[in-house]
Amino acid sequence: MSMPPPLSPRPTVVCPACQGPLKAIGRLPIRRDAAQAGVVIQAQPGDTAPAVGIDTYRCHTCGRLEFYDHDFLLPAT
């Protein structure tokens, strides 16, 4: 499943656990309806529910994964 490009430039982010640099590893498509229910479910080919892309980062110091919605596409809780 192909994700559209980000809407805005991405900020520099650091790992909240070790303060190491986070490297962008791509965008993960998640289902908007699941996000509205408070869970993250990756969109699958053939899904009829709309998907949004969230930015995924990995810390190369401690291995932590971080997910960010820089475009504010997910519903506020």
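Quick note: structure is the one above.
Residues numbered from 1 in each chain as written. Predicted model: local features only at pLDDT ≥ 70, side-chain atom pairs only at ≥ 80, totals over all residues. Heavy atoms only, no water.

Caption draft 1: Region of interest: the pattern of salt bridges. This model, assessed by the stated rule, comprises five salt bridges. A salt bridge links Arg 27 to Asp 55; the nearest nitrogen and oxygen atoms lie 3.8 Å apart. Taken together, the residues Arg 27 in strand E1 (residues 22–31) and Asp 55 in strand E2 (residues 51–59) connect sequence positions 28 residues apart. Using a relative accessible area of 6% as the deciding quantity, one classes Asp 55 as buried. For the salt bridge of Arg 64 with Glu 66, the shortest nitrogen-to-oxygen distance reads 2.4 Å. Taking the relative accessible area as the measure of exposure, Glu 66 reaches 12% and is therefore buried. (Salt bridge = Lys/Arg side-chain N within 4 Å of Asp/Glu carboxyl O. Helix = DSSP H or I, 4+ residues; strand = E, 2+ residues; numbered from the N terminus. Buried < 20%, exposed > 50% of the residue type's maximum accessible area, 1.4 Å probe, protein only.)

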